[in-house]
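Structural features, examined
Chain by chain, the residues:
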Amino acid sequence: MKYLHTMVRVTDVEESLRFYCEGLGLEEVRRTDNEKGRFTLIFLRAPGDEGGEVELTHNWEPDPTPYAGGRNFGHLAYRVQDIYALCQHLSDMGVVINRPPRDGHMAFVRSPDGISVELIQDGHLPPQEPWASMPNTGSW
């Protein structure tokens with residue numbers, strides 16, 4: 001058995017790609033537009049990671065049921081080289097850091113569609129301000 005991908009539904013392709021690619025640093029590896037089914041599939045992965053992918057699914061017609069809470073989806077998780085630098089980059093982009101990396105090890109953010117993303121430091125960094133005293137915001 002081999003893990004392939006996780007699919008998340010997105011409502012705005014450009015905002016989602018800004019978050020996942022510009023924000024998190026994932027790369028688009030392939031895209032399929034299906035005229036008959038009226039959807040687009042976009043597969044992303046972390047640079048240098050030949051393993052699992054994230055599949056962004058965009059249905060061209062608006063879904064009458066909102067994708068609230070990621071439709072009971074838990075979260076995506078990525079190991080990162082510098083959690084403080086990535087959280088600062090995301091914050092500069094306007095992304096809310098829901099659970100700041102107070103311990104130098106873990107943080108949570110949300111995609112434009114409310115998908116929770118866990119960021120895990122590769123190794124451990126000592127606590128650092130402003131993160132160490134930053135409160136949680138919202139839910140993750």
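Bear in mind the structure is a predicted one, so any value in this text is a computation, not a measurement.

**A short note on the pairing of strand S3 (residues 39–45)**
Burial within S3 is extensive, with 5 of its 7 residues counted as buried. Pairing analysis gives 7 bridges linking strand S2 (residues 27–34) to S3, with the strands arranged antiparallel. Among the inter-strand pairings, Thr 32 is bridged to a residue of S3, identified as Leu 41. Where S2 folds back onto S3 in an antiparallel hairpin, the turn is made up of 4 residues, including Arg 38, whose phi is positive at roughly 60°.

**As for the nonpolar core**
Within the largest apolar cluster, 30 residues are counted, with the highest numbers of intra-cluster contacts made by Tyr 20, Leu 24, Leu 56, Leu 90, Val 117 and Leu 119. Elements with a minimum of two residues in this core: helix H1 (13–23), S3, strand S4 (53–59), strand S5 (75–80), helix H2 (83–92), strand S7 (106–110) and strand S8 (116–121). Split by domain, this core shows at least three residues from each of two domains, domain 1 (5–59) and domain 2 (76–131). Apart from the residues lying within four places of it in its own chain, the contact partners of Leu 90 are Gly 23, Leu 24, Val 95, Ile 97, Val 109 and Leu 119.

**Remarks on the pattern of salt bridges**
All chains considered together, the criterion is met by 6 salt bridges. A salt bridge links Glu 53 to Arg 45, with the nearest nitrogen and oxygen atoms 3.3 Å apart. Here Glu 53 falls in the buried class, since its relative accessible area comes to 9%. The closest approach of N and O atoms between Asp 103 and Arg 99, which form a salt bridge, is 3.6 Å. Given the relative accessible area of 11%, Arg 99 is considered buried.

**What about the domain arrangement of the protein?**
It is common to report an interface's size as the accessible area lost on association of the parts. With domains assigned, the protein is organised as domain 1 (5–59) and domain 2 (76–131). Of the residues lining the interface, 16 residues belong to domain 1; the matching set on domain 2 comes to 15 residues. Here domain 1 meets domain 2 over a buried area of about 1,200 Å², counting both sides, of which 70% is carbon and sulfur. Of all residues in domain 1, Phe 19, Gly 23 and Leu 24 bury the most surface against domain 2, accounting for 42% of the area lost on that side. Taken together, the links from domain 1 to domain 2 amount to 4 residue pairs in polar contact (both at pLDDT 80 or more). Only strand S1 (5–9) and H1 provide two or more residues apiece to the side of domain 1 that touches domain 2. Sorting elements by how many residues they give to the side of domain 1 that touches domain 2 places H1 first, with 7 residues. Among the residues making up the side of domain 1 that touches domain 2, the classes are represented as 7 nonpolar, 4 polar and 5 charged.

**Quick word on the side chain of Asp 113**
Along the polypeptide, Asp 113 turns up in the loop between S7 and S8. One buried charge, Asp 113, has no salt-bridge partner; the nearest side chain with opposite charge is Arg 9, at 10 Å. Among the polar contacts listed, one links the side chain of Asp 113 to the side chain of Thr 11, at a separation of 2.6 Å. Within the structure, Asp 113 has its side chain in polar contact with the side chain of Ser 16 (distance 3.3 Å).

Thresholds applied
Residues numbered from 1 in each chain as written. Predicted model: local features only at pLDDT ≥ 70, side-chain atom pairs only at ≥ 80, totals over all residues. Heavy atoms only, no water. Buried < 20%, exposed > 50% of the residue type's maximum accessible area, 1.4 Å probe, protein only. Helix = DSSP H or I, 4+ residues; strand = E, 2+ residues; numbered from the N terminus. Pairing = 2+ DSSP bridges. Core = buried A, V, L, I, M, F, W, Y, C linked by side-chain atoms within 4.5 Å. Domains from an automatic or database assignment. Contact = heavy atoms within 4.5 Å. Salt bridge = Lys/Arg side-chain N within 4 Å of Asp/Glu carboxyl O. Buried area = accessible area lost by both parts, 1.4 Å probe. Polar contact = N/O pair within 3.5 Å; in protein donor to acceptor, adjacent residues only side chain to side chain. Nonpolar A, V, L, I, M, F, W, Y, C, P; charged D, E, K, R; others polar. Lys, Arg positive; Asp, Glu negative; His and termini not counted.

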